[in-house]
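# An overview of the molecular structure
One-letter residues, chain by chain:
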Amino acid sequence: MEAREMTTRRKVKSDTLQSRIKGEVLGPGDAGYDDARRVWNAMIDRHPTVIVRCAEAADVAPAIAFARQSGLELSIRGGGHHIAGHSVSDGGLMIDFSRLKNVWVDSRTRRAYVQPGVTLGEFDGAVQAHALATPVGINSTTGIAGLTLGGGFGWLTREYGMTIDNLVAADVVAASGEALRASEQDHPDLFWALRGGGGNFGVVTQFEFKLHPVGPSVFAGLMVFPFREAKQVLTQYREFVESAPAKLNVWAVLRQAPPLPFLPPAVHGAEVVVLAVFFAGNARDGERIIQPLRRFGNVLGEHVGPMLYTQWQQAFDPLLTPGFRNYWKSHNFTQISDGALDTIIEFAGKLPSPHCEIFVGLLAGAANDVPSAATAYSARDAKFVINVHGRWENAEQDDDGIRWSRAFFQAATPYASSGAYVNFMTDDEGERVAAAYGANYARLLEIKQRYDPENIFHLNQNISVPQQARRSRTQRRSA
Ligand SMILES: Cc1cc2nc3c(=O)[nH]c(=O)nc-3n(C[C@H](O)[C@H](O)[C@H](O)COP(=O)(O)OP(=O)(O)OC[C@H]3O[C@@H](n4cnc5c(N)ncnc54)[C@H](O)[C@@H]3O)c2cc1C
């Protein structure tokens, strides 16, 4: 078929879709197309054939139907932050939620009703207007949709659990186009699967969350130690957090020091250990509780004090801007053994770029009180998540950065516990998905068969019977 004829046919088809929805149908060359297809990880540069920029939830069913009829691979974009870049595909149809940004808060019942294009910063801003919050991640530009569907954890997780532990209900458009409500009462199997099962089961058009009183002022900040003291700092850190109250969270980050104003210029660019401290209470209690941390080593500089919760939620944004190339590998840990600690220090001592880091995220607390079988996310014994964050500027650095990340991951494997966090998994970790869900995988497969038997929703950390997985991979390769 002539190229011109193909273009005309595609245009007619897109016009048909446009007549069925309130939002916009974008194709290559249209204004907004490049912004919509660009995702956080600059390693991903894909060109969908059609982008459906939804103006309302009712746009989703026609978009799914169109993708099915046209044989276009379907991807769903929330905040576009997933490291694997599954929200965009070459030659596919992307459902783009960037215009659906409402958050309705009922402060009396402490509930938030949230559209799928909302970022964490937008969510925090809306709920903090009522001095309320729920656990979400640590970077304000991340999308609430992808974060929630994979599990979600952040500074409030020790006290209030994972993001999914605070999900009350979700409105979902299934592969059939049917609009469903998922909650403990309605389609409870679907609700179970959505809490950790990623985008495998349908398109979520609204989330309903429980909220808790938080802030608006919290006590938080950073304490920076020299890298040569890493062993003593981390050894004391792991002991300290064993008995720390749930209102306190402390993450450890090993990286080169950014040019922070509270650090002497001589420290800028030097390898350091950073303790990121968050206390969801008043400054007097916070100051008392964190006092022991200062004795872990020689503090090179610190900036800890009262601040708005919303400010703290944006504190790491400058280190996590889009436009860089990123490659991650992560493990769960029930404890940080000496072997794990030595491995972290060894690899933090050979960072392949000034933007790379290894972080130890602390989950221990309410997330561990939920039984493994209660939600699709199963790693309820995980007290820490350690993520190696490879990050650099140019494609020529890819090989070094990826090699370093993978080598750390392998070296740390003997000390890790079971399961894996699907929200941190790269595109090359498809084989790890079953292990990520452990004993819950069999039930996830059953529910997948019920709600998406043709595996329409496969651009994700895919839950699928082997045959479907093979087909999806072939489709992806030939796309
Ligand atoms: C800088 C940075 C910091 C992070 N920090 C944290 C953190 O502190 N804690 C944490 O838990 N995670 C964190 N993450 C990981 C984050 O949870 C995942 O990247 C998550 O997928 C982001 O969601 P998104 O909507 O932005 O991503 P997208 O890439 O838009 O979506 C990811 C996938 O989710 C699915 N999806 C998205 N929207 C929908 C929908 N409406 N319906 C159905 N499926 C959908 C699709 O399969 C899609 O491919 C971080 C990520 C980044 C890049």
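Look a little higher up for the structure.
What counts, and where the lines are drawn
- Residues numbered from 1 in each chain as written.
- Predicted model: local features only at pLDDT ≥ 70, side-chain atom pairs only at ≥ 80, totals over all residues.
- Heavy atoms only, no water.
- Helix = DSSP H or I, 4+ residues; strand = E, 2+ residues; numbered from the N terminus.
- Contact = heavy atoms within 4.5 Å.
- Areas by Shrake-Rupley, 256 points an atom, 1.4 Å probe, with all protein chains shown as cover.
- Lys, Arg positive; Asp, Glu negative; His and termini not counted.
- Charge placed at Lys NZ, Arg CZ, Asp CG, Glu CD.
- Core = buried A, V, L, I, M, F, W, Y, C linked by side-chain atoms within 4.5 Å.
- Buried < 20%, exposed > 50% of the residue type's maximum accessible area, 1.4 Å probe, protein only.
- Axes fitted to C-alpha atoms, helices over the stretch in contact; angles between N-to-C directions.
- Parallel < 35°, antiparallel > 145°, perpendicular 65-115°, else oblique.
- Left-handed = near helix turned anticlockwise from the far one by under 90°.
- Pairing = 2+ DSSP bridges.
- Polar contact = N/O pair within 3.5 Å; in protein donor to acceptor, adjacent residues only side chain to side chain.
- Salt bridge = Lys/Arg side-chain N within 4 Å of Asp/Glu carboxyl O.
- Expected span 1.5 Å × (residues − 1).
- Arc of directions from axis to C-beta.

Secondary structure summary: the protein chain contains 15 helices and 18 strands in total. Oriented by its inertia axes, the alpha-carbon framework of the protein chain measures out at about 70 × 55 × 40 Å. If you take every contact in the protein chain between residues at least 6 apart in sequence, the share linking residues at least 24 apart comes to 73%. Taken as a whole, the protein chain presents about 19000 Å² of accessible surface, with 51% of it coming from carbon and sulfur. Taken as two groups, the 48 positive and 50 negative side-chain charges of the protein chain have centres that lie 2 Å from each other.

Within the largest apolar cluster, 87 residues are counted, with the highest numbers of intra-cluster contacts made by Tyr237, Leu248, Leu275, Phe278, Leu293, Trp312 and Ile358. A total of 8 residues in this core trace back to one element, the largest contributor, which is strand β14 (residues 271–279). Among the nonpolar cores identified, the runner-up in size contains 41 residues, and Phe123, Ala174, Ala436 and Tyr441 belong to it.

A word on the packing of helix α8 (residues 230–242) against helix α11 (residues 338–348). Two elements in contact, α8 and α11, have axes whose closest approach is 10 Å; the angle formed by their N-to-C orientations is 140°. Accordingly, the angle class assigned to the pair α8 and α11 is oblique. The interaxial crossing formed by α8 with α11 has right-handed handedness. Seen from α8, the contacting residues are Ala230, Lys231, Leu234, Thr235 and Arg238; seen from α11, they are Asp338, Leu341, Asp342 and Ile345.

Side-chain alternation along strand β2 (residues 50–53) places Val50 and Val52 on one buried face and Ile51 and Arg53 on a second face that is also buried. Pairing between strand β1 (residues 24–26) and β2: 3 bridges, direction antiparallel. Bridge pairing in β2 places Val25 opposite Val52.

On to the environment of Thr134, then. Assignment of secondary structure puts Thr134 in the loop between β7 (132–133) and α5 (144–150). Those residues in contact with Thr134, other than ones at most four positions away along the chain, are Phe123, Leu156, Asn166, Phe209, Lys210, Leu211, His212 and Tyr309. One polar contact links the side chain of Thr134 to the main-chain carbonyl oxygen of Lys210, over a distance of 2.8 Å.

Another aspect to go through is the pairing of strand β10 (residues 203–210). Counting buried positions along β10 yields 6 of 8 residues, so the element is predominantly enclosed. Here strand β6 (residues 111–114) runs beside β10; their pairing, made up of 4 bridges, is antiparallel. Across the sheet, residue Tyr113 finds its bridge partner in β10, namely Glu208. In this sheet, β10 lies alongside strand β8 (residues 167–173) in antiparallel orientation, the contact comprising 6 bridges. Bridge pairing in β10 links Val173 to Val203.

One pass over the full model with this rule turns up 29 salt bridges. Across the pair Arg68 and Glu454 runs a salt bridge, and its minimum N-O distance is 2.9 Å. Remark: Glu454 occurs in the loop between α14 (441–451) and α15 (466–478) and Arg68 occurs in helix α3 (residues 60–70); sequence separation between them is 386 residues. On the basis of relative accessibility, which here comes to 47%, the residue Glu454 falls in the partly exposed class. Where Lys231 meets Asp342, a salt bridge forms, and the shortest distance between an N and an O atom there is 2.7 Å. Of this pair, Lys231 sits in helix α8 while Asp342 sits in helix α11, and the two are 111 residues apart along the sequence.

If you walk across this open sheet you meet the 5 strands as β5-β6-β10-β8-β9, and the pairing is antiparallel. Edge positions in the sheet fall to β5 (103–106) and β9 (179–183), since each has one partner strand and no second. For this sheet, the mean inter-axis angle between neighbouring strands, taken without regard to orientation, is 15°. Direction of pairing for β5 relative to β6: antiparallel, over a ladder of 4 bridges. Bridge pairing links Asp106 to Arg111 in β6.

Take α8 next. The end-to-end C-alpha separation of α8 is 18 Å, in line with the 18 Å expected for 13 residues at 1.5 Å each. Among the residues making up α8, those that are buried are Ala230, Val233, Leu234, Tyr237, Arg238, Phe240 and Val241. Projected onto a plane normal to the axis of α8, the buried residues spread over an arc of 165° and lie on a single side. For α8, exposure combined with an orientation more than 90 degrees from the buried face picks out Glu239 and Glu242.

Moving on: the sheet that holds strand β15 (residues 301–308). Here 7 strands make up an open sheet; going across it, the order is β15-β12-β14-β13-β17-β18-β16 and the pairing antiparallel. At either margin of the open sheet sits one strand with a lone partner, and together these are β15 and β16 (325–333). If you compare each strand with its neighbour and ignore which way they point, the axes differ by 15° on average. Here 6 bridges tie strand β17 (residues 357–362) to strand β18 (residues 384–392), and the two strands are oriented antiparallel to one another. The residue of β18 that forms the bridge with Phe359 is Asn387. Each of β13 (248–256), β14, β16, β17 and β18 touches α11; the most contacted strand, β17, lies at about 150° to it. Contacts from helix α12 (residues 398–412) reach β16, β17 and β18, with the element oriented near 0° to β16.

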